[in-house]
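The chain contents come next:
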Amino acid sequence: MSPADVLLQPIFNPVGGYGSYVVPAAFVLILQQTLLIGAAMLTGSALAKAGGAFTSVLGRGIAHLTVYLPALTLYLIVLPRIYGFSTLGHLPQLFALGTVFLLATSFMGQAIGAWFKRPENATILLLATSLPQFFTAGFAWPREAIPEAATALGQLFPADSAIDGLVRINQLGAGIWEVAHDWLGLWCLTLAYFALAVISALAVKRRQENARG
């Protein structure tokens, strides 16, 4: 006989299933891959037009951010509530991390897409990285069972830090300073990929000018 009645009330997993843990993280990966592929595909044609490398890269990054903010709202705010997932995060902190994540993804796509003559080649390459990232992010497979080299490669993608930070904020109720390492990591990726995108744009424009001359 049980000496007391126990009432179990799940806090972070109200639906009591594995989906409430995997699906929010998969939403972040979907956001990254669609934006990454789109930015890479459009970069080649954008570089063929006149304009400075610095301003064009920054302008496209802001444009991608503007376009993807509604998608970020859909995947991080609307859909979790429809599916009944835990939503304990504060919206300003969620958007503070999500904004940097989108900028880092845009600049990464621009840096990669500048070197492809055919947009479809960038799509094939980046699409093939989706499934490996699903496992190296550590939410569908324990990080302890993943080789360190694969984990290091996974950290080159913004989704690695974004998944950890956004899920902690949105589903677990963490504050922005409790995921400061993810936030700072995304800022580092943003600055690094912005510099690479500008360098790539300058190199491609110079190559185009030499070809015309």
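Details of the structure are given in the entry above.
Chemist: Mind laying out the side chain of Gln33, listing which residues take part and the relevant values?
Modeler: Position of Gln33 among the secondary structure elements: in helix 1 (residues 19-47). Judged by its relative accessible area of 6%, Gln33 is buried. Beyond its immediate sequence surroundings of up to four residues, Gln33 is in contact with Leu126, Leu127, Thr129, Ser130 and Gln133.

Chemist: So what's going on with the side chain of Thr136? Residues and values would help.
Modeler: Turning to its location among the elements, Thr136 is positioned in helix 5 (residues 130-136). In this structure Thr136 comes out as buried when scored by relative accessible area, which is 10%. Among residues more than four places away in sequence, those in contact with Thr136 are Arg143, Ile146, Ala150, Gly154 and Asp160.

Chemist: Give me the lowdown on the environment of Tyr68, citing residues and values where you can.
Modeler: Within the secondary structure, Tyr68 sits in helix 2 (residues 53-83). Exposure remark for Tyr68: the relative accessible area of 16% places this residue in the buried category. Residues Tyr68 and Leu31, 37 residues apart in the sequence, show an inter-C-alpha distance of 8.3 Å. For Tyr68, the contacting residues outside a window of four places in its chain are Leu31, Thr34, Leu35 and Leu102. Here Leu35 takes part through its backbone nitrogen, which lies 3.2 Å from a polar atom of the side chain of Tyr68.

Criteria and cut-off values
Residues numbered from 1 in each chain as written. Predicted model: local features only at pLDDT ≥ 70, side-chain atom pairs only at ≥ 80, totals over all residues. Heavy atoms only, no water. Helix = DSSP H or I, 4+ residues; strand = E, 2+ residues; numbered from the N terminus. Buried < 20%, exposed > 50% of the residue type's maximum accessible area, 1.4 Å probe, protein only. Contact = heavy atoms within 4.5 Å. Polar contact = N/O pair within 3.5 Å; in protein donor to acceptor, adjacent residues only side chain to side chain.

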